[in-house]
Amino acid sequence: MSRPLLRGVSGMRISGNGHDPWDLEMKERNEKEDLEKDHSTDQSYLALSSGTPRSRQNFTMLFLKFSLIAIVFLALTGSFWWTISISTSSRGHIYHGYRRLQEQLVSDLWDIGEISLGSSRSKDLEFCSEDFENYVPCFNESRNLALGYSNGDEVDRHCGQELKQHCLVLPPVKYRIPLRWPTGRDVIWVSNVKITAQEVLSSGSLTKRMMMLEEEQISFRSASLIFDGVEDYSHQIAEMIGLRNESNFILAGVRTILDIGCGYGSFGAHLFSKELLTMCIANYEASGSQVQLTLERGLPAMIGSFASKQLPYPSLSFDMLHCARCGVDWDQKDGILLLEVDRVLKPGGYFVWTSPLTNPQAFLRNKENQKRWNFVRDFVENLCWELVSQQDETVVWKKTSKASCYSSRKPGSGPSICSKGNDVESPYYRPLQPCIGGTRNRRWIPIEERRNWPSRANLNKNELAVYGVHPEEFAEDTENWKTAVGNFWSLLSPLIFSDHPKRPGDEDPSPPYNMVRNVLDMNAHFGGFNSALLEKGKSVWVMNVVPTIGTNHLPMILDRGFVGVLHDWCEAFPTYPRTYDLVHAEGLLSLESGHRHRCSTLDIFTEIDRILRPEGWVIIRDTARLIESARALTTRLKWDARVIEIESNSDERLLICQKPFFKRQAS
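Residues numbered from 1 in each chain as written. Predicted model: local features only at pLDDT ≥ 70, side-chain atom pairs only at ≥ 80, totals over all residues. Heavy atoms only, no water.

K.L.:
I'd like a rundown of the overall build of the protein chain, residues and numbers included.
P.N.:
In terms of regular secondary structure, the protein chain is built from 21 helices and 17 strands. Looking at the protein chain residue by residue over its 667 residues, the buried ones come to 50%. Sequence separation of 24 or more characterises 71% of the internal contacts of the protein chain that already satisfy a separation of 6 or more. Carbon and sulfur atoms form 53% of the exposed surface of the protein chain, whose accessible area is close to 32600 Å². (Helix = DSSP H or I, 4+ residues; strand = E, 2+ residues; numbered from the N terminus. Buried < 20%, exposed > 50% of the residue type's maximum accessible area, 1.4 Å probe, protein only. Contact = heavy atoms within 4.5 Å. Areas by Shrake-Rupley, 256 points an atom, 1.4 Å probe, with all protein chains shown as cover.)

K.L.:
Could you give an account of the state of the cysteines, with specific residues and numbers?
P.N.:
In total, this model carries seven disulfides according to the counting rule given. Residue C128 pairs covalently with C167 via a disulfide, S to S 2.0 Å. Measuring handedness by torsion sign, the sulfur bridge of C128 and C167 sits at about 100° and is right-handed. With C128 in the loop between α5 (119–122) and α6 (141–146) and C167 in the loop between α6 and α7 (183–186), the pair connects residues that are 39 residues apart, well separated along the chain. Here C128 matches C167 in class, with each residue buried. Sulfur-sulfur distance for the disulfide between C418 and C435 comes to 2.0 Å. Here the disulfide of C418 and C435 is right-handed, its torsion about the S-S bond being about 90°. A residue pair is termed long-range when its members are at least 10 positions apart, and C418 in the loop between β10 (394–399) and α15 (461–466) and C435 in the loop between β10 and α15 qualify at 17 residues. This pair shows no difference in class: C418 is buried, exactly as C435 is. (Disulfide = S-S within 2.5 Å.)

K.L.:
Before we move on, could you go through the pairing of strand β15 (residues 612–623) and cite the residues and values that matter?
P.N.:
By the criterion of burial, β15 is predominantly enclosed, with 11 of the 12 residues buried. Of the pairings in the sheet, the one linking strand β14 (residues 580–586) to β15 comprises six bridges and is parallel in character. Each residue of the ladder has a partner; that of V583, found in β15, is V618. Sheet topology places β15 next to strand β17 (residues 649–658); seven bridges connect them, and they run antiparallel. What sits directly across from D622, in β17, is R653. (Pairing = 2+ DSSP bridges.)

See below:
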C-alpha cells in the first residue's frame, strides 16, 4: 500500500515570552525622544525623574497599558482581513451577495474562536471511570423514575436531560478482540459483555436458551443439539406460511425481519445463512442485554422498545415482525402497540407471535389468558389482518395487501385511519398514535409484488420515481461507491488481514473471514455503501443511518432490502459501547456544519469512540478544510489517523483512523 499523503495543518504555537519588533521600535523611539528632551526640560521633569519610585512605576504601567491596547487593536484588524483571505482561498468558491459572505465570515470566525481557546480545549481526553464500561446515554431508568416517568416510560429513551460526557470509555479488564467472522457468530468472550452466569443459565425467551457457558466463552455452536430448536422453529414458521422450508422465505417476498425481544439473536443468526436480514430490538438492560450479546455475535441489533413512542423507522418498513416470548403485552394500552406493528409492517407482510397466551390448550386452565387472546385476535381482525395458521404456541397473521380493506369495514369497528397530519412517514420517537398509519403512502406495494432479493436492491426507473430519485443520479451514486469500496478495502486490508503485534494468530485469512463485520454508515444517503460492500462479497452487515437534519432516503434504503434507522447525531446512538468494527461518514461534517450550535464535532467524535470496538476503524470523507479540523481532534481521542488525498476531487480528503486497544488496569 502506498504511503498516505499527510496534509495536516501545522500546529499553532503561542509564545508567552517573545519580543515583538514593534515593541522594540517603540522603545528605541521613546529613548531617543527622552534624550532630546534632556536639553529642554524644566524643573517639572527634574521633579518627576527624581521623584518617588511609585510615580515612575505608575508612569511605566500606564505606558505599557497603552502599548498593549495598540497591539491588540492591530492584531484584531489583521486577523479580520486574514480571516477573509483564508475563507476565500480554503473554500475555492466565489460567494455572491453580502449575506452569503457574511455567513461564511461568521463561520470562519467561529472556527478561529474554537482554536483561540488554547490548551484547555486541545488537551487529550481522559478515560472514563469504570462505571461507564457499559453506559448508554439516554437510557437511565432510575433517573427517569425520579423525573416522574412511569407505566413503561421509565425504560424508554429520554435524551437531552444529562450532561455530555467528554471522556473515553475503556473496555473491561479482561476484554479480548472478538473472534473472526463467522466463528464469532457462534462463540463470544464472556468478559466482553456484562452478564452473570445465572443470567446465562436462567430460562427466558426461546432463543435466549440457545446458549452454553464454557470456561471463558459463551457458545451458540450450530453443532449443538440445542441449536436444532431454532432450525425446527424456523422450519415450522415456513410451513405455516405455506412454504417448504425457511430457505423459501425470499420466494414469498420476505427479506427483512424485525425481531422484537430477540433473546440473543439465534433466530436471526440461523436465518442469515438463508440471505434473510433480521434486526433485533429490545429494551435497554443493564446486565444480560439481548442487544449487547447479539451485536457481539456480529448480528444487527439496536435498543428499542414498545412502550410509549413510535420506533425510528418509516411506515411500511419490514416484511415480517417476529415476537417469541418477547415480553410485550399486546393486549395492553387498548391495542396501541399492535397499531405500531401494523405501521412498520409492509402490505402483505407477516406477524409471527409465539407465546403461552396463544396456546388453545392453556385456555381451559386460564380464563384470563383466553380473554387476553380474544382481545388480540379481534383487534388485529379489525386491522384487516388474516389469520394464516396457528400451531401450539405460535400464530401467524398476514397484513392485508389492499388498502381498500379499511374503508370496507363496518362503521365504528376497529381503529380509524390516521389523518394526514398524524400520518408521518418517518417519525422520530413521536408518541404512539391510536390510528392506522401508512395507508396513503405511495410505497404501499405488497411484498409479493416486489422483486425478490437480491434484485430488489437494484431499483429500476419506475421504482426510483416513487422516491423522487432520477435514474442517472442513482446510477452515478452506485458506480462511485463501487470504486470507493475497492479503494477503502485496499487501504484497510493489509492491516485487517495481517498478524500485526496487536493480534497474533494464524496465517492471514481471506474474505469473508475478516475482522470487519458490524458496519455503521452515519450518513447513508441511498445506501450505496451498503450495496457496494455486498456486491464486493464482503461478509458484513451495515446499519444505514439517515440523519434527521438531512434528506430522508431511509424508506428507499429499507425497500432495497437493507436495514437502517433515523438518528440525530447530536444525541447518543441507541447501542452499547464497543459494538461496531467500522464507522463510515461521507459528508456528515458538512451537513452538521450547516446547522451551527447544535453540538460540537467533539461531541460526535466522542460518541463514535464510545460505540467503536478497540482496533476498530473510522473512515470520514469530506471537504479538505473540515477534514483538517477533524484530524486535529483525533489526537485528543488518541486515535491513529492519516489524511489521504482523493485524486478525482481536489477539494475533498479521506480521514482514515484506527482506535487503539487501551486496557484498564485491574484494581
